[in-house]
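In case you want the letters, here they are:
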Amino acid sequence: MINKLENLPNEIFLMIYSHMTLFEIIESFCLLNKRLNNIIYFKFLMNKNGIVINKRCLSFNKCHSIITSKINDLSFILNCIQSIYIDGIYVNCSDIISEWIFHSKILRFINLKKVILRKCYLTENLIENLSLLIEYQLNELVLTFDNDVFKSYQCQRLLRIIRHKQRSNLMLMFEEFIRKLFSNKCHLTSLELDISNDDTCVNIHKFLSLSSNINSDVIHNEIVTHCKSLRYLKIDLIDGSFLENLIEHVPNLEILSVQFKYTLMEKLSDEPQMERFTSGIISWYTKMPKLKCFTLKSVILNDSQLNYLKWIINKVNYIEKLKVRLHIKDSMNKNSVIDVNFFRKYLMPDILIHLIDFDFYIVSSCKLLFENDIQRVIDSFKTDQFFIYRYWINIQCYFDPIMSYQHISSTKLIKPIFVHGIVDYPIFFDWKCVKYMMVNLCPSIIGCLKQFDILYPHIKSIQFNIGRHNQVSESEYSMFLRSLLDVEYCQLTDIHFRYVTRLDFGSAFFRNSDLQDRKGLGQRRRRAFDKLRKNTLSIIRHVEFCLPSCHYGSNESIHMGKNLVSVLSCYMPHIQTLRLWRDDDFPWTSIRPDYGTERMCQIYSGRWIESLRTFQSIVDHVVVFEQNLCELVQNLKELVFIDIYGRIHSEKIEPFRSMVKRRFPNSRLHIEISKFRLWI
């Protein structure tokens with residue numbers, strides 16, 4: 001077999017490699033002989049020279065072992081790698097950066113120019129290594145953070161403020177890193193940064209602020225550093241304060257794209273501050289003279305924010321391309337219509353110098369628009385001399401009667417689809433990127449689901465809200481749920497989700513049913529599960545559950561997690577990744593005593609909660625968590641990744657970490673107050 005394999009031409013090997021991941025190639029073919037090594041090297045030269053780690057069922061621990069065991073012999077591959085893309089949802093970004101890219105502070109990937117880190121968690125090691133990369137190695141960096149990062153450190157920081165009144169070393173390092181990104185120590189040419197989740201006391205948005213406000217008359221002798229290499233910047237923010245400080249540090253920027261998570265600006269503390277938005281036009285040309293393209297995406301809530309928007313657009317009146325995406329909420333604009341006068345007043349610079357491309361899409365709440373109203377809006381642009389001169393007259397306008405929204409666009413309109421009770425309504429500027437749909441599980445849904453692949457080919461994930469219904473009575477809805485669980489009766493085999501990879505079902509399944517209904521539904525549910533198990537559930541590789549608290553609630557609810565492993569091993573024996581959403585502790589088996597009545601539960605639950613931080617309680621919870629993990633691993637042979645979102649006391653972190661290292665010595669672990677991640 002070896003001779004036959006080696007006799008294959010190089011082209012066949014390249015075709016084989018094209019269907020394999022980097023780790024599979026390294027594990028199966030690398031270092032077998034010089035010829036195969038040369039083909040592998042050539043393959044990476046042909047395919048954009050990058051490493052991509054973003055697969056859900058990827059065994060991070062296995063792949064990490066493959067790379068680290070052979071990394072000293074892989075220089076011929078590492079030398080041609082120019083980009084690395086890591087999705088922090090599935091792997092530990094810090095481990096890869098610190099153990100693969102660097103070795104004793106020596107860079108292994110000598111030609112690495114681009115790093116993409118999505119949903120990464122902060123560690124001191126990661127910040128230190130990224131600081132080195134942006135100063136000496138990278139041209140491009142894409143950096144977004146896990147949603148829980150700032151919430152986790154908010155809790156830690158509050159504790160430190162209360163106890164010691166000092167900031168953590170990690171946050172100090174992170175603040176210095178943000179400053180470095182926009183200083184002369186950074187040599188990036190392209191940066192994408194998402195800090196829109198920083199709505200906590202971490203307050204990244206203040207990291208770039210000088211000791212004085214840039215609009216203040218007070219002068220401070222503080223040196224402003226510049227990142228002169230940066231040409232492209234895409235940044236997601238909470239409000240405009242960071243942007244105002246940012247423009248002081250990027251003098252050679254050519255393309256700037258800004259998206260605001262909530263709205264353009266925080267609530268103004270006093271009215272006199274509005275004067276600076278209506279003062280004379282002084283552009284940002286002296287600060288960013290090379291800026292050619294500016295993109296802004298935001299929600300607008302009031303007139304003050306429209307004035308602020310106008311102020312920003314006047315500041316960039318020298319650009320060549322302006323792109324605006326706005327969602328104007330109904331609280332301010334219900335009786336207004338967006339026409340050319342509105343554009344002149346709020347969306348266009350007062351002085352136009354070089355603007356040659358104006359790309360906009362506006363969604364605004366408004367009163368009912370008829371056909372003649374829409375035509376008047378379109379005609380207002382066609383008769384405006386400025387728009388005529390630049391041939392910007394192909395304006396499209398549409399009124400959505402379902403949501404009472406006016407859509408107006410310079411390109412094409414995005415119209416909602418209303419089918420069988422589902423409103424397929426786009427996010428106003430990124431519909432093609434939307435992969436998620438949330439719908440109510442009601443009788444009218446079945447007809448839509450049977451043609452789902454045709455109507456919604458872009459949707460990858462569906463959440464069904466169970467228990468929300470307006471069209472039918474409670475008894476009819478209860479009967480509908482019973483029949484729905486009968487797979488053959490409902491002809492659910494006619495429903496095919498060709499493109500959907502994830503289904504979520506709401507937790508309010510039996511909220512409005514009496515006990516007898518619950519028992520009957522439970523029996524039908526089990527029978528339906530038995531039918532579905534033969535055809536569907538046994539092929540599931542990734543599963544997520546939201547389990548109730550093990551400390552709060554009734555005796556029944558706190559013990560709901562005890563059957564988790566038996567259910568998984570029975571119906572989904574081949575799962576590879578498991579994600580659990582918890583209200584509090586990481587263990588899913590409760591050790592709280594049962595209380596005889598609801599009154600006793602209310603009385604004694606408080607005492608139980610108070611005891612959770614004692615030494616004995618921590619020891620007991622470490623034991624039960626160890627039992628949970630061992631039972632899970634023993635019964636699910638293909639499991640490679642456990643991801644738990646919850647909330648624990650900081651005192652439990654080290655005992656949990658020590659237990660895992662003792663029981664699973666070859667695993668990789670990441671544990672924080674709000675997250676537990678184990679790669680087996």
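These numbers were taken from a predicted model, which means no experiment stands behind them.

A.B. asks: Whenever I open this one, the overall build of the chain confuses me. Can you help?
C.D. replies: Looking only at helices and strands, one finds 25 helices and 24 strands in the chain. Looking at the chain as a whole, 50% of its 680 residues are labelled buried. Partitioning the contacts of the chain with sequence separation of at least 6, the portion at a separation of at least 24 is 77%. When the accessible surface of the chain is summed, it comes to about 33,900 Å², and 52% of that surface belongs to carbon and sulfur atoms.

A.B. asks: What is the right way to look at the sheet that holds strand β22 (residues 641–645) in this model?
C.D. replies: In a beta sheet, neighbouring strands pair by backbone hydrogen bonds and run either parallel or antiparallel. The strand order β20-β21-β22-β24-β23 describes an open sheet built from 5 strands, whose pairing is mixed. Looking along the sheet, the strands with just one partner apiece sit at the ends: β20 (542–547) and β23 (668–671). For this sheet, the mean angle separating the axes of adjacent strands, direction not counted, is 10 degrees. In terms of strand pairing, strand β21 (residues 577–582) meets β22 through 5 bridges, oriented parallel. Counted as the bridge partner of R579 is D643 from β22. Each of β21, β22 and β24 (675–679) touches helix α24 (residues 615–635); the most contacted strand, β22, lies at about 145 degrees to it. Against the sheet, helix α25 (residues 653–663) engages β23 and β24, with an angle of about 170 degrees to β23.

A.B. asks: In this structure, what is going on with the sheet that holds strand β14 (residues 405–409)? I would like to understand it.
C.D. replies: Ordered in space as β1-β2-β5-β6-β7-β8-β9-β10-β11-β12-β14-β13, the 12 strands form an open sheet in which the pairing is mixed. If you trace the sheet from one side to the other, it starts and ends with β1 (50–53) and β13 (396–400), each paired once. Taken over all neighbouring pairs, the strand axes of this sheet differ in orientation by 5 degrees on average, direction set aside. Direction of pairing for β13 relative to β14: antiparallel, over a ladder of 5 bridges. In the strand pairing of β14, Y398 is matched with H407. This element, helix α12 (residues 303–315), spans β10 (293–300) and β11 (321–328) of the sheet and lies at about 175 degrees to β10. Its contacts with the sheet place helix α14 (residues 340–347) against β11, β12 (357–365) and β14, and it is angled at close to 110 degrees to β12.

Definitions and cut-offs
- Residues numbered from 1 in each chain as written.
- Predicted model: local features only at pLDDT ≥ 70, side-chain atom pairs only at ≥ 80, totals over all residues.
- Heavy atoms only, no water.
- Helix = DSSP H or I, 4+ residues; strand = E, 2+ residues; numbered from the N terminus.
- Buried < 20%, exposed > 50% of the residue type's maximum accessible area, 1.4 Å probe, protein only.
- Contact = heavy atoms within 4.5 Å.
- Areas by Shrake-Rupley, 256 points an atom, 1.4 Å probe, with all protein chains shown as cover.
- Pairing = 2+ DSSP bridges.
- Axes fitted to C-alpha atoms, helices over the stretch in contact; angles between N-to-C directions.

Functional significance is not addressed by these values, which are geometric in nature.
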